[in-house]
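# Descriptive analysis of the structure
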Amino acid sequence: MTEKAKIGVLGGSGLYEIPGLRNVRRVQVKTPFGEPSGAVTLGELEGVDCAFLPRHGQGHVLLPSEINARANIWALKSLGVERLIAVSAVGSLKEELAPRHFVVPDQLIDRTKGRTSTFFGGGIVAHVTFDRPFCAELSKLLCETAGGLGLVAHSGGTYVCMEGPQFSSKAESRLHRQLGADIVGMTAIPEAKLAREAELCYAMAALVTDYDCWKEGEEVNNEQVIQTLNANVANAIRLLASALPAACALPRRCRCARALEGAIFTSPRNMDRKAAKRLELLIGRFTRGRR
Ligand SMILES: [Zn+2]
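The structure displayed is predicted, hence computed values, not measured ones.

## Some words on the coordination of the zinc ion
Listed as protein donors to the zinc ion are Cys135 (SG), Cys201 (SG), Cys254 (SG) and Cys256 (SG); their distances from the metal cover 2.3 Å. Metal-centred angles of 95 to 116° between the four donor atoms at the zinc ion mark the site as tetrahedral. Cysteine 135 gets classed as buried once you look at its relative accessible area, which sits at 1%.

What follows is the structure in structure tokens.
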């Protein structure tokens, strides 16, 4: 099978397909971590092969807590994806980050509850660095591309990931603001952590749908959120049409592709054989011939 794409997109709320994809194939990928959110769509956009997976599944059937992020990241990695753009709807925690704006975050706070956030364990220990959770190169490209299209894109910001699925209480919204977060969402964790372990570049186009509920008089109203969401998705599609070819043309000088170097603490000869075989896609280059 020569199904390969170097760039992948994880679609969030409202983004279940990329219009304009040509030569579309749907691929069911088997992973050691179970079922991805659905079949991965492979196709060409502006002459560039890309892979697309809506993280909530076709028809939006998975809660944030139900998404099998390990299977999703694994599936994309196994199709050859090196760079991953996550599209996510978020609430804004800052006045200046208005609905319909894009934020390309550079930091993350994990306030999820017990989601599985590593491929490792079961006899193999790894600790990747996560001081900069997002790929700076890919993030810069997203921001510049959005700016070039006349979209309002804020470079940098802290994304706080909450468990959900309920939106925040006012007290939580205030707390997240006090923590220094700029936007709130429900899916960047464990995606970003797993992307790092899989040595993928990971950057996010966060689409602001509302002011969460901290702002008096601007409380979350589902109907309005959906209207804004639709406008945001149309903008995200424009962004992707330019950003995907640009990302493919960008030389990969970041450290993302080497995230596992020095991160695997278990010596190859002490590795559980089954675990090593299961993780071959990620760690094969470190273990081959050393056991
Ligand atoms: Zn990178």
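We are not done yet, so read on.
## Re the packing of helix H1 (residues 69–78) against helix H4 (residues 188–197)
Running from N to C, H1 and H4 cross one another at 40°; their axes reach a closest spacing of 9 Å. When the axes of H1 and H4 are compared, the pair comes out oblique. Viewed along their axes, H1 and H4 form a crossing whose handedness is right-handed. For the pair H1 and H4, contact is made by Ala69, Arg70 and Ile73 and by Pro190, Glu191, Leu194 and Ala195, respectively.

## A look at the state of the cysteines
What is meant by a disulfide is a covalent connection between two cysteines, made through their sulfur atoms. Across all of its chains, the model carries zero disulfides by this definition. The thiol sulfur of cysteine 50 is not disulfide-bonded, and the nearest other cysteine sulfur, from cysteine 248, lies at 7.8 Å. Residue classification places cysteine 50 among the buried residues on the basis of a relative accessible area of 1%.

## Thoughts on the pattern of salt bridges
Should their charged atoms come close, side chains of opposite charge can pair. Tallied over the full model, the rule gives 12 salt bridges. Here lysine 170 and glutamate 216 are joined by a salt bridge, their closest N and O atoms 3.5 Å apart. Here lysine 170 is found in helix H3 (residues 170–178), whereas its partner glutamate 216 is found in the loop between strand S11 (201–210) and helix H5 (222–249), with 46 residues between them in sequence. When its relative accessible area of 29% is taken as the criterion, lysine 170 is described as partly exposed. Residues arginine 285 and glutamate 199 are paired through a salt bridge, measuring 2.6 Å at the closest nitrogen-oxygen approach. With arginine 285 in helix H7 (residues 280–287) and glutamate 199 in the loop between H4 and S11, this residue pair connects regions lying 86 residues apart in the sequence. Given a relative accessible area of 38%, arginine 285 falls into the partly exposed group. Here the residues in one salt-bridge network are Glu199, Glu261 and Arg285, joined through shared partners.

Reading guide: rules and limits
- Residues numbered from 1 in each chain as written.
- Predicted model: local features only at pLDDT ≥ 70, side-chain atom pairs only at ≥ 80, totals over all residues.
- Heavy atoms only, no water.
- Donors = N, O, S within 2.8 Å, 3.2 Å for Na, K, Ca; no water.
- Tetrahedral: all angles 85-135°; square planar, octahedral: opposite > 155°, others 65-115°.
- Buried < 20%, exposed > 50% of the residue type's maximum accessible area, 1.4 Å probe, protein only.
- Axes fitted to C-alpha atoms, helices over the stretch in contact; angles between N-to-C directions.
- Helix = DSSP H or I, 4+ residues; strand = E, 2+ residues; numbered from the N terminus.
- Parallel < 35°, antiparallel > 145°, perpendicular 65-115°, else oblique.
- Left-handed = near helix turned anticlockwise from the far one by under 90°.
- Contact = heavy atoms within 4.5 Å.
- Disulfide = S-S within 2.5 Å.
- Salt bridge = Lys/Arg side-chain N within 4 Å of Asp/Glu carboxyl O.

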